[in-house]
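Structural description and commentary
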Amino acid sequence: MSLIERVGPLQKNEPTPLYLQLQQLLRNAIERQVVQAEEAIPTERDLAEEFGVSRITVRKAVDGLVSEGIVSRRRGAGTFVTRPRVEKSFSKLTSFSQDMLSRGFTPRSEWVSKTAGSVTPEEALSLGLSPGSLVYRFHRIRFADDISMALEYATIPAYCLPSTEAVGASLYEALEKAGHLPVRALQRLRAIAFTPEQAEVLAVEAGAPGLLIERRGFLADGRTAEVTQSFYRGDTYDVVAELNG
C-alpha cells in the first residue's frame, strides 16, 4: 500500500500551502507509526510523483520536519524518522532501566566485561578508598528497544557487592539486594565527541556529539557506592533539571 493510500491526498483546492499540507500528512504518518522510527521516508522524487507536487514543495515540507527533529537526513542513505528523545532528569536518582521503562522503552544491556581488581589512584580518589582496595568494574552497552543508547563504565567498591556475578540485568537492583543502594548522587554533565571506536558501537558517525554523565553515588552513611561514566548518544538524550528558588 502506498503512502498516499495510507494518509490521504493533498487538498489542492484549500488555501493552505501545499508544503504545509504535505508536512502535516508526513507528521501524522510518523505519529501514527505508519512510518516508524529509524525507517526511511520516501525520496523527494517519489513523494513528488505520488502527491503530484514539485520536488521544491517536497523539500520545503521535509525541511520543516528536519528542523523539528522529527526526521534527519543521512548523507548517501536518505531521510529517516528519528527516535523519540529521552529526557534524563538531573533532579532524581534513577537507573537507566528505570528511565527507559518510564518512557515506554524496553531496556537491556550487553555486558562487555565484569572484572575485579585493585583500585587505581584515580578510582581511589573518587571512591575514597585506600590503595590496594578491591573494586569491581562493569562495562556494558545500554539499549532501548534494541537501539544502542549508551556506553557505561561503573566502578563499585567491593564492600557494596559480594562479587561481580551478583550483578545481572540491573546494577542498582544488585546494589539494593546487597543493602548498598545509593541514596544520593553528584552528577556532572559534559559535551563530548565520540571516538571512532565508541561511534561504531553506538551506530553513529565518528565525531558525533554525545553527552558524558559522570556520577558518584553515596550511601546513607556517606561512603561512596559507585563511580559511573555513561556516554549517551546526543541525538537521543535531553537532560532536564528542576530548579527551585
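Residues numbered from 1 in each chain as written. Predicted model: local features only at pLDDT ≥ 70, side-chain atom pairs only at ≥ 80, totals over all residues. Heavy atoms only, no water.

**Looking at the sheet that holds strand E5 (residues 134–144)**
- Taking strand neighbours across the sheet as the criterion, the 6 strands line up as E4-E5-E6-E9-E8-E7 in an open arrangement whose pairing is antiparallel. Unpaired on one side and paired on the other, strand E4 (107–118) and strand E7 (184–193) mark the two borders of the sheet. Each neighbouring strand pair of the sheet contributes to a mean axis angle of 15 degrees, computed without reference to strand direction.
- Two strands pair when backbone bridges link them, and E7 and strand E8 (residues 209–218) are joined in this way by 10 bridges, in the antiparallel orientation. Bridging from a neighbouring strand, Gln 187 pairs with Arg 215 of E8. (Pairing = 2+ DSSP bridges. Helix = DSSP H or I, 4+ residues; strand = E, 2+ residues; numbered from the N terminus. Axes fitted to C-alpha atoms, helices over the stretch in contact; angles between N-to-C directions.)

**Here we look at the packing of helix H3 (residues 44–51) against helix H4 (residues 55–67)**
- Two elements in contact, H3 and H4, have axes whose closest approach is 9 Å; the angle formed by their N-to-C orientations is 115 degrees. Comparing the axis directions of H3 and H4 gives the class roughly perpendicular. Between H3 and H4 the crossing geometry is right-handed. Facing Glu 44, Arg 45, Leu 47 and Ala 48 of H3, the residues of H4 in contact are Arg 55, Val 58 and Arg 59.
- When its residues are assigned to classes, the contact of H3 with H4 shows 3 nonpolar, no polar and 4 charged. (Parallel < 35°, antiparallel > 145°, perpendicular 65-115°, else oblique. Left-handed = near helix turned anticlockwise from the far one by under 90°. Contact = heavy atoms within 4.5 Å. Nonpolar A, V, L, I, M, F, W, Y, C, P; charged D, E, K, R; others polar.)

Note that all results are geometric; they support no functional claim without further evidence.
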